[in-house]
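# Structural features, examined
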Amino acid sequence: MLKEINENAQSLRHTCGAFFKSNLRRLKEQLDGADKIIIVGCGTAYNSGLVAKRWFEGCGCTLVDVEVASEVRYFPPKVTKSTLVLAVSQSGETADTVEAASILRGMGAYVVAITNVDYSAITKIADQVVNVVAGCEICVAATKSYIGQLTSLYMLSQLKKGTADCGFAVLNQIAQSVESVVQNDELIDKISSLCAKSSAVFFLGRGIDYAVAVEGSLKLKEVSYIFSDGYPAGELKHGTLALVDEKTLGIIIITHVQLLEKCQSTVEQIVSRHGRVVVITTLQGVLEKLKGKAECVLTLPEADENLSPFLTATAVQLIAYKTAVKLGRNPDRPRNLAKSVTVE
Ligand code: AGP
């Protein structure tokens, strides 16, 4: 798992380069003509869609839905001949995602497969393929493929927006920052010690940070077996706050400067119930603001909030990995899980 997290920047760069081998003219036509975009996938692939929804909406797409593939089989969303489906799957063999893509295509939608594996089942169903070039991912927990999926989805959103290089330049800059997150992992070590001592870890954030929080939670529970949930920060007070006590850790992701104050109040809500708090941020000056409240503030390189998921996701992957190791669990062989789920 660690080796694959260390390859995040490479996955980003290679996926970026490969994007231009896709038929961009056809993709652009589909993006511009779409009445609705539906992103479909399972687990981490689904979670990449939660991030991408924000990107596409920021580029003027009015209707963007993210669907869990296993639900589509029995409860397919409404589609028309102008609906664009982005079916995301690292392996391209996940039965639920392949079936969902097939059903939606049968209903008339145009299906683009976003996958790390050439000639996989999903590529045979799709009208078009966008390649993720993460390299072979062996570990059950998806890490570098998530970064590759985010890269493809970001470039598609920029293609829709009309950005000349589809985001190639800014993505290559962010790849350098991803490398520095992996190299400076002293604080991540401290955070994983806090996780290892906790009975429950809540990953919280707003907007795009919430989308990454969901993935952070999935990663942690997959490899450390600690109970975890990913939550919109503002929802905490509507129920989950009842679970907070001295054994609970809240990991709050903050990358929107305009939401900093709101997130500070989430920190206070947890601390006042004796819970412990860690903050992951790309904003400067947060450490000073939260002194005496958060046990630890991990300040990542400054980044545009839209590109921050590449950094915050790398950080939460490392936290999950290190927590598992601290608890003596083998992150490369998580119990009960298979790399590719080819049955319903
Ligand atoms: C991720 O860490 C998981 N192992 C799992 O959620 C995975 O993302 C999911 O099963 C989908 O797999 P796929 O991308 O190969 O379709």
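Here's what I pulled together on the structure shown here. Per chain, residues are indexed from 1 in the order of the written sequence. Only residues with pLDDT of at least 70 are given local features in this predicted model, and only at 80 or more are side-chain atom pairs given and counted; all residues enter the totals for whole chains, interfaces and linings. The basis for every side-chain value is the complete set of heavy atoms in the structure, and neither hydrogens nor water enter the calculation.

### A few points about the layout of surface pockets
A pocket here means an open set of points on a 1 Å grid, computed over the protein atoms alone, that has protein on both sides within 12 Å along at least five of seven lines. A cavity is instead a set of points where a 1.4 Å probe fits but cannot get out; residues with an atom within 4 Å of a point line either one. Grid points are joined across faces, edges and corners, and a volume is the space filled by probe spheres set on the points. Considering only enclosed or pocket space, the largest pocket measures out at about 470 Å³ in volume. What lines the largest pocket is a set of 25 residues, among which Cys42, Gly43, Thr44, Lys339 and Val341 lie closest to the centre. Comment: elements are numbered from the N terminus, with helices defined as DSSP H or I runs of at least four residues and strands as E runs of at least two. In terms of residues, the lining of the largest pocket owes the most to one element, helix α4 (residues 43-58), which gives three residues. Counted by class, the lining of the largest pocket contains 10 nonpolar, 10 polar and five charged residues. The classification used treats Ala, Val, Leu, Ile, Met, Phe, Trp, Tyr, Cys and Pro as nonpolar, Asp, Glu, Lys and Arg as charged, and all other residues, Gly among them, as polar.

### Some remarks on the side chain of serine 228
Within the secondary structure, serine 228 is located in strand β7 (residues 227-232). Contacts described as polar in this section are N or O atom pairs within 3.5 Å, which, within protein, must combine one atom able to donate a hydrogen with one able to accept it, while residues neighboring in sequence count only if both atoms come from side chains. Polar side-chain contacts of serine 228 include one of 2.9 Å to the backbone oxygen of valine 201. If near-sequence neighbours (up to four positions away) are discounted, serine 228 is found in contact with Val201, Phe203, Ser217, Leu220 and Lys221. Every residue pair with non-hydrogen atoms within 4.5 Å of one another is taken to be in contact.

### So, the pattern of salt bridges
When charged atoms on two side chains of opposite charge get close, those side chains can pair. Here a salt bridge means any side-chain nitrogen of Lys or Arg lying within 4 Å of a carboxyl oxygen belonging to Asp or Glu. Enumeration according to the criterion identifies 17 salt bridges in this entry. Note that glutamate 29 and arginine 25 form a salt bridge whose closest N and O atoms lie 2.8 Å from each other. Of this pair, glutamate 29 and arginine 25 both sit in helix α3 (residues 24-33), separated by four residues, roughly a single helical turn. Where aspartate 189 meets lysine 326, a salt bridge forms, and the shortest distance between an N and an O atom there is 3.2 Å.

### Description of the site of the ligand
Throughout, near means a residue has at least one heavy atom within 4 Å of the molecule or strand. Around the ligand, the surrounding shell holds 13 residues, and the nearest of these are Ser89, Gln90, Ser91, Thr94 and Glu222. In this structure, threonine 94 approaches the ligand through a side-chain N or O atom, which is 2.5 Å from an oxygen atom. A distance of 2.8 Å separates an oxygen atom of the ligand from a polar backbone atom of alanine 142. For accessible areas, the Shrake-Rupley method is used with a probe of radius 1.4 Å. Any residue's cover is judged against the shown protein chains and nothing else. Taken by itself the ligand offers 410 Å² of open surface, and the protein chains cover 90% of this. The cavity that encloses the ligand is the largest pocket. Sorting the residues of the shell around the ligand by element identifies α4 and α11 (208-224) as the ones contributing at least two each. Here the shell around the ligand is composed, by residue class, of five nonpolar, six polar and two charged. More than half of a molecule's atoms within 2 Å of the grid points is what it takes for that molecule to sit in a cavity or pocket.

### Here's the deal with the sheet that holds β7
Sheet strands pair by backbone hydrogen bonding; their relative direction is either parallel or antiparallel. Strand pairing is assigned whenever DSSP detects at least two bridges linking the two strands. Spatially, β7-β6-β8-β9-β10 is the arrangement adopted by the five strands of the open sheet, whose pairing is parallel. Here the strands that pair on one side only, and so sit at the sheet edges, are β7 and β10 (296-299). For this sheet the average axis-to-axis angle between neighbouring strands, irrespective of direction, equals 15°. Sheet topology note: the strand β6 (residues 200-205)/strand β8 (residues 248-254) ladder contains five bridges and is parallel. Bridging from a neighbouring strand, leucine 204 pairs with isoleucine 252 of β8. To get an axis, fit a line to the C-alpha atoms, keeping to the stretch in contact for a helix; angles then go from 0 to 180 degrees between the N-to-C directions.

### Some remarks on the packing of aromatic side chains
Note on ring pairs: Phe, Tyr and Trp rings are taken, using the six-membered ring of Trp, and paired if centres are within 6.5 Å. Classes follow the plane angle, with under 30 degrees stacked, over 60 edge-to-face and the rest tilted. Under the criterion given, the structure shown has five aromatic pairs. Taking 6.0 Å as the distance between ring centres and 85° as the angle between the ring planes, the aromatic pair formed by phenylalanine 19 and phenylalanine 20 counts as edge-to-face. Only protein chains enter the calculation, and the probe is 1.4 Å; a residue is then buried if its accessible area is under 20% of its type maximum, exposed if over 50%, and partly exposed in between. Residue phenylalanine 19 is classed as buried on the basis of its relative accessible area of 1%. Think of it as a cone above the ring: NZ of Lys or CZ of Arg counts as a charge over the ring if it is within 6 Å of the ring centre and within 35 degrees of the ring normal. The ring of tyrosine 225 carries the charged tip of arginine 335 above its face, separated from the ring centre by 4.0 Å.

### Describing the sheet that holds strand β4 (residues 110-115)
The sheet built from five strands is open, its strands ordered β2-β1-β3-β4-β5 with parallel pairing. Whereas interior strands pair on both sides, the edge strands pair on one side only; in this sheet they are β2 (64-68) and β5 (128-131). The mean inter-strand angle of the sheet, taken between neighbouring strand axes irrespective of direction, is 20°. Of the pairings in the sheet, the one linking strand β3 (residues 83-89) to β4 comprises six bridges and is parallel in character. Residue pairing across strands places serine 89 opposite threonine 115, the latter belonging to β4. Where α4 meets the sheet, it contacts β1 (36-41), β2 and β3, and its direction lies at approximately 175° from that of β2. Sitting on the sheet, helix α6 (residues 95-106) is in contact with β1, β3 and β4, with an inclination near 165° to β3.

### Let's talk about the pairing of β6
Here is the key point about a regular strand: its side chains alternate between the two faces of the sheet. Within β6, six of the six residues are buried, leaving the element largely enclosed by the surrounding structure. Of the two faces of β6, the one lined by Ala200, Phe202 and Leu204 and the one lined by Val201, Phe203 and Gly205 are each fully buried. Of the strand pairs in this sheet, β6 and β7 are connected by six bridges, and their pairing is parallel. Opposite leucine 204, over in β7, you have tyrosine 231 as the bridge partner. When the strands point away from the viewer, a crossover counts as right-handed if the path from the first strand over the helix to the second runs clockwise. Chirality of the crossover, the property in question, places the unit of β6, α11 and β7 among those that are right-handed.

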